[in-house]
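What follows is each chain in one-letter form.
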Amino acid sequence: MAYVIALTSGGGVPLFTRTIGDFEALPFPTIGSLNGMHMFTETHGAKLLSTRTQNAKIVWQVFNDSITIIIVTVDDGTSDVHLKTLLQFIYSAMILFLGESELKSLRNVERLKKELKSIYFLIDKLLEESLLIGHITGCLDTTAFTDLDVLQDCLESFIGWCNTEFGCVLINGKLAASTSRWWNLPSTDSILLSLLVSAMVPSVSKDIAIYLPTTFPDVPHRLMTFQILDGVEVCVLCGSTPSHNEVIQNQILDSYWRSCIDILKNDMRNVPKVLPSSISLDYGIMGFIVLNQSSRKCLATFARAISNFTGKEESPAIPGNSTTTEIQYRNILVSFYKSVVDTLFPVVNKCYVEDTDQNTFDEDNIPIETYMCTDDYKLHALHKGNHQIFILFSKDVPIYALSQISSKTLEQLSQDGII
(Lines give C-alpha, C1' and ligand atoms only; values in the text may rest on other atoms or scores of the structure.)
Protein backbone atom coordinates (compact mmCIF):
# COMPACT_ATOMS: atom_id res chain seq x y z
CA MET A 1 0.00 0.00 0.00
CA ALA A 2 1.32 3.44 -0.89
CA TYR A 3 0.18 7.01 -1.40
CA VAL A 4 2.33 9.18 -3.71
CA ILE A 5 2.12 12.96 -4.05
CA ALA A 6 4.09 15.09 -6.52
CA LEU A 7 4.25 18.87 -6.00
CA THR A 8 6.19 21.86 -7.26
CA SER A 9 9.05 22.50 -4.84
CA GLY A 10 8.68 26.27 -4.88
CA GLY A 11 4.95 26.79 -4.50
CA GLY A 12 3.72 23.39 -3.31
CA VAL A 13 1.23 23.11 -6.18
CA PRO A 14 0.02 19.47 -6.43
CA LEU A 15 0.87 17.87 -9.78
CA PHE A 16 -0.66 14.44 -9.19
CA THR A 17 -1.50 11.86 -6.53
CA ARG A 18 -1.54 8.10 -7.02
CA THR A 19 -2.76 5.47 -4.57
CA ILE A 20 -2.27 1.71 -4.43
CA GLY A 21 -4.06 -0.28 -1.74
CA ASP A 22 -6.56 0.79 0.89
CA PHE A 23 -5.18 4.27 1.59
CA GLU A 24 -7.83 6.96 1.82
CA ALA A 25 -7.19 10.10 -0.20
CA LEU A 26 -5.32 12.66 1.87
CA PRO A 27 -7.15 15.99 2.19
CA PHE A 28 -5.45 19.01 0.67
CA PRO A 29 -4.58 20.58 4.10
CA THR A 30 -2.70 17.38 5.03
CA ILE A 31 -0.77 17.42 1.75
CA GLY A 32 0.02 21.09 2.34
CA SER A 33 1.25 20.30 5.85
CA LEU A 34 3.55 17.54 4.62
CA ASN A 35 5.08 19.87 2.07
CA GLY A 36 5.18 22.75 4.53
CA MET A 37 7.17 20.69 7.05
CA HIS A 38 9.72 19.88 4.37
CA MET A 39 10.03 23.51 3.22
CA PHE A 40 10.34 24.71 6.82
CA THR A 41 13.33 22.48 7.54
CA GLU A 42 15.06 23.56 4.32
CA THR A 43 14.71 27.25 5.16
CA HIS A 44 16.46 26.52 8.47
CA GLY A 45 19.44 24.78 6.88
CA ALA A 46 18.27 21.22 7.53
CA LYS A 47 16.85 18.37 5.46
CA LEU A 48 13.74 16.39 6.26
CA LEU A 49 14.34 13.02 4.59
CA SER A 50 11.85 10.73 6.32
CA THR A 51 9.76 10.23 9.42
CA ARG A 52 7.66 7.53 11.03
CA THR A 53 4.35 7.48 12.85
CA GLN A 54 2.93 4.61 14.87
CA ASN A 55 2.18 2.55 11.75
CA ALA A 56 3.27 4.60 8.73
CA LYS A 57 6.42 5.91 7.07
CA ILE A 58 6.81 9.14 5.08
CA VAL A 59 9.73 9.87 2.75
CA TRP A 60 10.44 13.14 0.89
CA GLN A 61 12.67 13.57 -2.16
CA VAL A 62 13.39 16.75 -4.14
CA PHE A 63 14.46 16.47 -7.77
CA ASN A 64 16.38 19.27 -9.53
CA ASP A 65 15.02 21.80 -7.02
CA SER A 66 11.77 21.84 -8.99
CA ILE A 67 9.63 18.83 -8.04
CA THR A 68 9.10 17.24 -4.65
CA ILE A 69 7.69 13.71 -4.44
CA ILE A 70 6.32 12.42 -1.14
CA ILE A 71 5.41 8.82 -0.43
CA VAL A 72 3.31 7.62 2.50
CA THR A 73 3.27 3.89 3.15
CA VAL A 74 2.95 1.29 5.87
CA ASP A 75 6.02 1.16 8.10
CA ASP A 76 7.49 -2.28 7.45
CA GLY A 77 10.64 -1.55 9.44
CA THR A 78 12.92 -1.68 6.39
CA SER A 79 15.53 0.82 5.20
CA ASP A 80 14.42 4.06 3.52
CA VAL A 81 16.64 3.13 0.56
CA HIS A 82 13.84 1.07 -0.97
CA LEU A 83 11.40 3.99 -0.99
CA LYS A 84 14.11 6.34 -2.28
CA THR A 85 14.67 3.93 -5.16
CA LEU A 86 10.94 3.91 -5.92
CA LEU A 87 10.76 7.72 -5.87
CA GLN A 88 13.72 7.92 -8.25
CA PHE A 89 11.96 5.58 -10.68
CA ILE A 90 8.76 7.64 -10.46
CA TYR A 91 10.65 10.82 -11.34
CA SER A 92 12.53 9.00 -14.10
CA ALA A 93 9.18 7.82 -15.50
CA MET A 94 8.16 11.48 -15.74
CA ILE A 95 11.35 12.25 -17.66
CA LEU A 96 10.78 9.23 -19.92
CA PHE A 97 7.69 10.86 -21.40
CA LEU A 98 8.22 14.60 -20.93
CA GLY A 99 11.97 15.20 -20.88
CA GLU A 100 13.94 16.70 -18.02
CA SER A 101 13.96 20.33 -19.21
CA GLU A 102 10.15 20.42 -19.06
CA LEU A 103 10.25 19.30 -15.43
CA LYS A 104 13.02 21.69 -14.47
CA SER A 105 11.50 24.83 -15.98
CA LEU A 106 7.87 24.39 -14.82
CA ARG A 107 6.91 27.08 -17.34
CA ASN A 108 3.25 26.08 -17.42
CA VAL A 109 2.17 24.07 -14.37
CA GLU A 110 -1.41 23.53 -15.55
CA ARG A 111 -0.23 22.12 -18.87
CA LEU A 112 2.28 19.91 -17.06
CA LYS A 113 -0.49 18.49 -14.86
CA LYS A 114 -2.46 17.51 -17.96
CA GLU A 115 0.59 15.96 -19.63
CA LEU A 116 1.41 13.93 -16.53
CA LYS A 117 -1.93 12.14 -16.79
CA SER A 118 -0.53 10.21 -19.74
CA ILE A 119 2.03 8.46 -17.50
CA TYR A 120 -0.29 7.42 -14.66
CA PHE A 121 -0.35 3.86 -16.01
CA LEU A 122 3.45 3.59 -15.69
CA ILE A 123 3.53 5.09 -12.19
CA ASP A 124 0.80 2.63 -11.16
CA LYS A 125 2.93 -0.18 -12.61
CA LEU A 126 5.79 0.91 -10.36
CA LEU A 127 3.51 0.89 -7.33
CA GLU A 128 1.58 -2.33 -7.94
CA GLU A 129 2.56 -5.88 -7.03
CA SER A 130 4.13 -6.76 -10.37
CA LEU A 131 6.07 -9.92 -11.15
CA LEU A 132 8.75 -7.59 -12.55
CA ILE A 133 10.96 -6.43 -9.68
CA GLY A 134 13.85 -4.63 -11.40
CA HIS A 135 12.67 -1.27 -10.03
CA ILE A 136 12.95 -2.76 -6.53
CA THR A 137 16.33 -4.49 -6.85
CA GLY A 138 17.94 -2.01 -9.25
CA CYS A 139 18.87 -4.94 -11.52
CA LEU A 140 17.24 -5.73 -14.85
CA ASP A 141 14.72 -8.61 -14.89
CA THR A 142 16.01 -11.38 -17.15
CA THR A 143 14.95 -14.84 -18.23
CA ALA A 144 17.10 -17.75 -19.41
CA PHE A 145 16.30 -18.59 -23.04
CA THR A 146 16.93 -22.14 -24.28
CA ASP A 147 18.62 -21.33 -27.62
CA LEU A 148 20.11 -17.93 -26.92
CA ASP A 149 22.53 -18.02 -29.87
CA VAL A 150 19.69 -18.43 -32.38
CA LEU A 151 17.66 -15.66 -30.75
CA GLN A 152 20.68 -13.37 -30.57
CA ASP A 153 21.49 -13.90 -34.27
CA CYS A 154 17.91 -13.02 -35.27
CA LEU A 155 18.02 -9.91 -33.10
CA GLU A 156 21.39 -8.71 -34.41
CA SER A 157 20.27 -9.17 -38.01
CA PHE A 158 17.00 -7.32 -37.47
CA ILE A 159 18.67 -4.47 -35.54
CA GLY A 160 21.25 -4.16 -38.32
CA TRP A 161 18.47 -3.75 -40.88
CA CYS A 162 16.90 -1.05 -38.65
CA ASN A 163 20.23 0.80 -38.77
CA THR A 164 20.54 1.10 -35.00
CA GLU A 165 22.55 -0.50 -32.21
CA PHE A 166 19.83 -0.64 -29.57
CA GLY A 167 17.47 -3.60 -29.48
CA CYS A 168 16.21 -6.40 -27.25
CA VAL A 169 13.73 -9.25 -26.94
CA LEU A 170 11.42 -9.30 -23.94
CA ILE A 171 9.52 -12.39 -22.81
CA ASN A 172 6.71 -11.37 -20.44
CA GLY A 173 8.62 -8.17 -19.72
CA LYS A 174 11.89 -9.96 -18.88
CA LEU A 175 14.97 -9.55 -21.04
CA ALA A 176 15.84 -12.69 -23.01
CA ALA A 177 18.37 -11.20 -25.47
CA SER A 178 19.79 -7.77 -26.26
CA THR A 179 22.46 -5.94 -28.21
CA SER A 180 25.51 -4.80 -26.26
CA ARG A 181 24.47 -1.14 -26.52
CA TRP A 182 21.03 -1.89 -25.05
CA TRP A 183 22.58 -3.92 -22.24
CA ASN A 184 25.01 -1.10 -21.44
CA LEU A 185 22.20 1.41 -20.92
CA PRO A 186 22.07 2.59 -17.30
CA SER A 187 19.88 0.34 -15.16
CA THR A 188 17.25 3.01 -14.62
CA ASP A 189 16.75 3.40 -18.37
CA SER A 190 16.64 -0.29 -19.27
CA ILE A 191 14.40 -1.23 -16.33
CA LEU A 192 11.93 1.55 -17.15
CA LEU A 193 11.80 0.54 -20.81
CA SER A 194 10.95 -3.06 -19.85
CA LEU A 195 8.27 -1.84 -17.45
CA LEU A 196 6.86 0.52 -20.06
CA VAL A 197 6.47 -2.25 -22.64
CA SER A 198 4.80 -4.58 -20.13
CA ALA A 199 2.51 -1.82 -18.81
CA MET A 200 1.16 -0.71 -22.19
CA VAL A 201 -1.95 -2.26 -23.69
CA PRO A 202 -0.84 -5.25 -25.83
CA SER A 203 -0.85 -4.61 -29.57
CA VAL A 204 0.87 -5.94 -32.68
CA SER A 205 3.23 -2.97 -32.83
CA LYS A 206 3.88 0.44 -31.28
CA ASP A 207 5.88 3.52 -32.20
CA ILE A 208 6.23 6.10 -29.43
CA ALA A 209 8.49 9.05 -28.61
CA ILE A 210 10.47 8.76 -25.38
CA TYR A 211 13.45 10.25 -23.55
CA LEU A 212 16.12 8.16 -21.82
CA PRO A 213 16.08 9.55 -18.23
CA THR A 214 19.76 8.93 -17.48
CA THR A 215 21.44 8.79 -20.89
CA PHE A 216 19.59 11.41 -22.97
CA PRO A 217 17.06 13.16 -20.69
CA ASP A 218 16.41 15.95 -23.22
CA VAL A 219 16.93 14.18 -26.56
CA PRO A 220 13.81 12.43 -27.93
CA HIS A 221 14.11 8.91 -29.30
CA ARG A 222 11.71 6.49 -30.97
CA LEU A 223 10.80 3.25 -29.25
CA MET A 224 9.30 0.72 -31.65
CA THR A 225 7.96 -2.59 -30.36
CA PHE A 226 6.75 -5.58 -32.35
CA GLN A 227 4.84 -8.51 -30.92
CA ILE A 228 6.29 -11.72 -32.35
CA LEU A 229 4.12 -13.99 -30.19
CA ASP A 230 1.78 -13.40 -27.29
CA GLY A 231 4.12 -12.23 -24.50
CA VAL A 232 7.17 -11.85 -26.79
CA GLU A 233 8.16 -8.32 -27.82
CA VAL A 234 11.04 -7.11 -29.97
CA CYS A 235 12.06 -3.58 -28.94
CA VAL A 236 14.09 -1.11 -31.00
CA LEU A 237 15.44 2.32 -30.08
CA CYS A 238 16.10 4.35 -33.22
CA GLY A 239 15.95 7.72 -34.93
CA SER A 240 13.67 8.85 -37.71
CA THR A 241 14.28 5.71 -39.81
CA PRO A 242 13.05 3.12 -40.49
CA SER A 243 9.42 4.12 -40.59
CA HIS A 244 6.93 2.00 -38.70
CA ASN A 245 4.97 1.22 -41.87
CA GLU A 246 8.12 0.12 -43.65
CA VAL A 247 8.71 -2.62 -41.08
CA ILE A 248 5.09 -3.77 -40.98
CA GLN A 249 4.10 -3.62 -44.64
CA ASN A 250 7.23 -5.16 -46.17
CA GLN A 251 7.05 -8.36 -44.08
CA ILE A 252 10.43 -7.53 -42.57
CA LEU A 253 9.50 -9.16 -39.26
CA ASP A 254 8.63 -12.46 -40.89
CA SER A 255 11.84 -12.61 -42.87
CA TYR A 256 14.07 -11.97 -39.85
CA TRP A 257 12.18 -13.85 -37.12
CA ARG A 258 10.74 -16.88 -38.90
CA SER A 259 13.60 -19.14 -37.76
CA CYS A 260 12.93 -18.30 -34.08
CA ILE A 261 9.18 -18.83 -33.93
CA ASP A 262 9.17 -22.55 -33.09
CA ILE A 263 11.88 -22.10 -30.45
CA LEU A 264 9.99 -19.20 -28.90
CA LYS A 265 6.74 -21.16 -28.85
CA ASN A 266 8.47 -24.02 -27.07
CA ASP A 267 9.91 -21.70 -24.40
CA MET A 268 6.57 -19.95 -23.92
CA ARG A 269 4.99 -23.29 -23.04
CA ASN A 270 7.24 -23.42 -19.97
CA VAL A 271 6.11 -20.06 -18.59
CA PRO A 272 6.32 -19.08 -15.70
CA LYS A 273 9.54 -21.11 -15.53
CA VAL A 274 12.63 -18.93 -16.10
CA LEU A 275 15.21 -21.71 -16.35
CA PRO A 276 16.09 -24.18 -19.09
CA SER A 277 14.86 -27.75 -18.54
CA SER A 278 18.50 -28.82 -18.12
CA ILE A 279 18.59 -27.03 -14.76
CA SER A 280 17.03 -29.04 -11.93
CA LEU A 281 16.69 -27.30 -8.57
CA ASP A 282 15.88 -28.70 -5.17
CA TYR A 283 12.23 -29.62 -4.78
CA GLY A 284 11.93 -27.60 -1.58
CA ILE A 285 12.48 -24.30 -3.45
CA MET A 286 9.21 -22.43 -3.99
CA GLY A 287 10.74 -19.32 -5.54
CA PHE A 288 13.91 -17.24 -5.61
CA ILE A 289 15.55 -13.92 -6.46
CA VAL A 290 19.16 -13.91 -7.66
CA LEU A 291 21.14 -10.70 -8.24
CA ASN A 292 24.49 -10.24 -9.98
CA GLN A 293 26.31 -7.04 -9.08
CA SER A 294 28.76 -7.22 -12.01
CA SER A 295 26.19 -7.73 -14.78
CA ARG A 296 23.29 -5.93 -13.01
CA LYS A 297 21.08 -8.95 -13.75
CA CYS A 298 18.06 -10.09 -11.76
CA LEU A 299 16.70 -13.60 -12.22
CA ALA A 300 13.54 -14.37 -10.29
CA THR A 301 10.72 -16.87 -10.28
CA PHE A 302 7.75 -17.08 -7.96
CA ALA A 303 6.26 -20.33 -9.27
CA ARG A 304 6.56 -23.41 -7.12
CA ALA A 305 3.74 -25.02 -9.17
CA ILE A 306 6.40 -26.59 -11.42
CA SER A 307 8.09 -29.43 -9.59
CA ASN A 308 11.90 -29.30 -9.88
CA PHE A 309 11.28 -26.76 -12.69
CA THR A 310 10.90 -29.69 -15.12
CA GLY A 311 7.26 -29.19 -16.02
CA LYS A 312 5.45 -31.58 -13.67
CA GLU A 313 2.48 -29.85 -12.06
CA GLU A 314 2.26 -29.83 -8.27
CA SER A 315 -0.09 -28.26 -5.76
CA PRO A 316 1.14 -24.91 -4.45
CA ALA A 317 2.36 -24.84 -0.87
CA ILE A 318 0.14 -21.82 -0.19
CA PRO A 319 -3.49 -22.32 -1.28
CA GLY A 320 -4.79 -20.32 -4.26
CA ASN A 321 -4.79 -20.30 -8.04
CA SER A 322 -1.48 -20.08 -9.91
CA THR A 323 -1.58 -16.30 -10.44
CA THR A 324 -2.56 -15.61 -6.84
CA THR A 325 0.16 -17.95 -5.61
CA GLU A 326 2.80 -16.24 -7.74
CA ILE A 327 1.86 -12.86 -6.27
CA GLN A 328 1.91 -14.31 -2.75
CA TYR A 329 5.37 -15.81 -3.27
CA ARG A 330 6.53 -12.58 -4.87
CA ASN A 331 5.34 -10.49 -1.92
CA ILE A 332 6.99 -12.83 0.59
CA LEU A 333 10.33 -12.75 -1.22
CA VAL A 334 10.25 -9.00 -1.87
CA SER A 335 9.46 -8.30 1.80
CA PHE A 336 12.35 -10.55 2.82
CA TYR A 337 14.64 -8.84 0.31
CA LYS A 338 13.76 -5.39 1.69
CA SER A 339 14.30 -6.53 5.28
CA VAL A 340 17.80 -7.81 4.48
CA VAL A 341 19.20 -5.32 1.94
CA ASP A 342 20.76 -2.14 3.39
CA THR A 343 20.50 -3.62 6.86
CA LEU A 344 22.57 -6.82 6.56
CA PHE A 345 23.53 -6.93 2.87
CA PRO A 346 24.65 -3.90 0.81
CA VAL A 347 22.55 -2.61 -2.09
CA VAL A 348 23.68 -4.38 -5.27
CA ASN A 349 22.98 -1.52 -7.70
CA LYS A 350 22.09 1.96 -6.45
CA CYS A 351 19.45 3.70 -8.58
CA TYR A 352 18.76 6.57 -6.18
CA VAL A 353 20.31 9.83 -5.02
CA GLU A 354 22.66 9.00 -2.16
CA ASP A 355 22.45 10.89 1.14
CA THR A 356 25.24 11.57 3.58
CA ASP A 357 23.44 9.57 6.29
CA GLN A 358 23.14 6.34 4.31
CA ASN A 359 24.30 3.04 5.74
CA THR A 360 27.91 2.12 5.09
CA PHE A 361 29.24 -1.42 5.03
CA ASP A 362 32.64 -2.72 6.05
CA GLU A 363 33.46 -5.17 3.26
CA ASP A 364 35.36 -7.38 5.71
CA ASN A 365 32.39 -7.64 8.05
CA ILE A 366 29.35 -8.07 5.81
CA PRO A 367 27.12 -10.94 6.97
CA ILE A 368 27.24 -13.92 4.64
CA GLU A 369 23.76 -15.35 5.22
CA THR A 370 20.56 -15.04 7.19
CA TYR A 371 17.30 -16.96 7.45
CA MET A 372 13.73 -16.68 8.70
CA CYS A 373 11.16 -19.34 9.65
CA THR A 374 7.35 -19.22 9.79
CA ASP A 375 4.62 -21.82 10.15
CA ASP A 376 4.07 -21.92 6.35
CA TYR A 377 7.54 -21.47 4.81
CA LYS A 378 11.22 -20.71 5.40
CA LEU A 379 13.44 -18.02 3.87
CA HIS A 380 17.19 -17.91 3.37
CA ALA A 381 19.51 -15.25 1.94
CA LEU A 382 23.12 -15.71 0.91
CA HIS A 383 25.70 -13.06 -0.06
CA LYS A 384 28.64 -14.52 -1.94
CA GLY A 385 31.06 -12.54 -4.07
CA ASN A 386 29.13 -10.49 -6.63
CA HIS A 387 25.92 -12.43 -6.05
CA GLN A 388 23.02 -12.29 -3.65
CA ILE A 389 20.35 -14.99 -3.57
CA PHE A 390 17.04 -14.98 -1.69
CA ILE A 391 15.13 -18.27 -1.60
CA LEU A 392 11.62 -19.14 -0.44
CA PHE A 393 11.58 -22.72 0.88
CA SER A 394 8.84 -25.14 1.77
CA LYS A 395 8.26 -25.44 5.51
CA ASP A 396 9.36 -29.09 5.24
CA VAL A 397 12.97 -28.21 4.39
CA PRO A 398 15.06 -28.55 7.60
CA ILE A 399 16.88 -25.46 8.82
CA TYR A 400 20.29 -27.13 8.66
CA ALA A 401 19.82 -27.72 4.91
CA LEU A 402 18.94 -24.13 3.92
CA SER A 403 22.52 -22.88 3.62
CA GLN A 404 23.71 -25.89 1.65
CA ILE A 405 20.81 -25.73 -0.83
CA SER A 406 21.25 -21.98 -1.34
CA SER A 407 24.98 -22.36 -1.99
CA LYS A 408 24.42 -25.24 -4.40
CA THR A 409 21.67 -23.34 -6.24
CA LEU A 410 23.77 -20.19 -6.61
CA GLU A 411 26.77 -22.20 -7.75
CA GLN A 412 24.69 -24.03 -10.35
CA LEU A 413 23.14 -20.84 -11.74
CA SER A 414 26.41 -18.90 -11.85
CA GLN A 415 28.47 -21.73 -13.35
CA ASP A 416 25.99 -22.23 -16.17
CA GLY A 417 26.21 -18.52 -16.97
CA ILE A 418 22.50 -17.98 -16.32
CA ILE A 419 23.06 -15.17 -13.82
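Because the structure is predicted, anything quoted here is derived from the model rather than measured.

Focus on the nonpolar core
Nonpolar side chains in soluble globular proteins generally cluster together in the buried interior. Phe 16, Ile 69, Ile 90 and Trp 182 are the most contacted members of the largest nonpolar core, which has 52 residues in total. Not counting residues within four places of it along the chain, the set of residues in contact with Ile 90 comprises Val 4, Phe 16, Ile 69, Ile 123, Leu 126 and Leu 127.

Remarks on the layout of surface pockets
Empty space within the second largest pocket amounts to approximately 680 Å³. Along the wall of the second largest pocket there are 25 residues; nearest its centre are Met 1, Thr 73, Asp 76, Arg 330 and Lys 338. Elements supplying a minimum of two residues to the lining of the second largest pocket: strand E5 (67-74), helix H2 (81-98), helix H5 (120-127), helix H6 (134-137) and helix H13 (322-340). Sort the elements by how many residues they give to the lining of the second largest pocket and H13 lands first, with 5 residues.

Things to note about the pairing of strand E16 (residues 369-373)
When E16 meets strand E17 (residues 377-384), the two strands line up antiparallel, connected through 5 bridges. By the bridge assignment, Cys 373 is partnered in E17 with Lys 378. In this structure, the hairpin formed by E16 and E17 is closed by a connection of 3 residues.

Digging into the pairing of strand E11 (residues 232-238)
Summarising burial for E11: 7 of the 7 residues are buried, a large majority. Of the two faces of E11, the one lined by Val 232, Val 234, Val 236 and Cys 238 and the one lined by Glu 233, Cys 235 and Leu 237 are each fully buried. Summarising the sheet, strand E7 (residues 166-171) and E11 pair through 6 bridges and their orientation is antiparallel. Within the sheet, the bridge partner assigned to Leu 170 lies in E11 and is Glu 233. With 7 bridges connecting them, strand E10 (residues 216-229) and E11 associate as antiparallel partners. By the bridge assignment for E11, Gln 227 is matched with Glu 233. Here E10 hands over to E11 after 2 residues, with Gly 231 in that stretch at a positive phi of 95 degrees.

Some words on the packing of H2 against helix H9 (residues 187-199)
Here H2 crosses H9 at 75 degrees, and the two axes come no closer than 11 Å. With respect to H9, the element H2 is oriented roughly perpendicular. Between H2, through Phe 89, Ser 92, Ala 93, Leu 96 and Phe 97, and H9, the contact on the second element is made entirely by Thr 188, Ile 191, Leu 192, Leu 193 and Leu 196. By residue class, the composition of the contact of H2 with H9 is 8 nonpolar, 2 polar and no charged.

Describing unusual backbone geometry
For residues that are not glycine, phi is negative in most cases, and the peptide bond is trans in most cases. The omega torsion across Thr 241 and Pro 242 is 0 degrees, close enough to zero to call that bond cis. Here Pro 242 shows up in the loop between E11 and helix H10 (244-249).

Some thoughts on a negative patch on the surface
A contiguous patch of negative charge on the surface is contributed by Asp 147, Asp 149, Asp 153 and Glu 156. With respect to the element layout, Asp 147 can be found in the loop between strand E6 (140-142) and helix H7 (148-161). Residue classification places Asp 147 among the partly exposed positions, given a relative accessible area of 34%.

Some thoughts on helix H1 (residues 28-43)
Between its first and last C-alpha atoms H1 spans 22 Å; for 16 residues at 1.5 Å apiece the expected length is 22 Å, and the two agree. Along H1, the residues classified as buried are Ile 31, Leu 34, Asn 35, His 38 and Thr 41. Buried residues of H1 fall within an arc of 125 degrees about the axis and therefore sit on the same side. Turned more than 90 degrees from where H1 packs its buried face, Phe 28, Pro 29, Phe 40 and Thr 43 sit exposed.

A short note on the sheet that holds strand E1 (residues 2-8)
The sheet built from 5 strands is open, its strands ordered E2-E1-E5-E4-E3 with antiparallel pairing. Strand pairing shows two members of the sheet lacking a second neighbour, strand E2 (14-20) and strand E3 (50-52), which therefore form its edges. Direction aside, neighbouring strands of the sheet carry axes that sit 10 degrees apart on average. With 8 bridges joining them, strand E4 (residues 56-63) and E5 adopt antiparallel strand pairing.

A word on the confidence of the model for the chain
In the predicted model, the chain carries a mean pLDDT of 88, and 91% of its residues have values of at least 70. Taken together, the stretch residues 305-316 has pLDDT below 50 and engages in 26 contacts with residues farther than four places along the chain or on a different chain.

Observations concerning the pattern of salt bridges
Tallying each qualifying case throughout the model produces 13 salt bridges. With a closest N to O distance of 3.6 Å, Arg 107 and Glu 102 form a salt bridge. When its relative accessible area of 63% is taken as the criterion, Arg 107 is described as exposed. With its nearest N and O atoms 3.7 Å apart, the salt bridge here joins Lys 113 to Glu 110. Here Lys 113 pairs with Glu 110, and both are found in helix H4 (residues 109-116), just 3 residues apart, close to one helical turn.

Criteria and cut-off values
- Residues numbered from 1 in each chain as written.
- Predicted model: local features only at pLDDT ≥ 70, side-chain atom pairs only at ≥ 80, totals over all residues.
- Heavy atoms only, no water.
- Core = buried A, V, L, I, M, F, W, Y, C linked by side-chain atoms within 4.5 Å.
- Buried < 20%, exposed > 50% of the residue type's maximum accessible area, 1.4 Å probe, protein only.
- Contact = heavy atoms within 4.5 Å.
- 1 Å grid on protein atoms, 1.4 Å probe; cavity = no way out; pocket = protein on both sides within 12 Å on 5 of 7 lines; lining within 4 Å.
- Points joined across faces, edges and corners; volume = space filled by probe spheres on them.
- Helix = DSSP H or I, 4+ residues; strand = E, 2+ residues; numbered from the N terminus.
- Pairing = 2+ DSSP bridges.
- Axes fitted to C-alpha atoms, helices over the stretch in contact; angles between N-to-C directions.
- Parallel < 35°, antiparallel > 145°, perpendicular 65-115°, else oblique.
- Nonpolar A, V, L, I, M, F, W, Y, C, P; charged D, E, K, R; others polar.
- Patch = residues over 30% accessible without salt bridge, like charges linked within 9 Å, V, L, I, M, F, W, Y side chains within 5 Å.
- Areas by Shrake-Rupley, 256 points an atom, 1.4 Å probe, with all protein chains shown as cover.
- Salt bridge = Lys/Arg side-chain N within 4 Å of Asp/Glu carboxyl O.
- Lys, Arg positive; Asp, Glu negative; His and termini not counted.
- Charge placed at Lys NZ, Arg CZ, Asp CG, Glu CD.
- Expected span 1.5 Å × (residues − 1).
- Arc of directions from axis to C-beta.
- pLDDT = per-residue confidence, 0-100.

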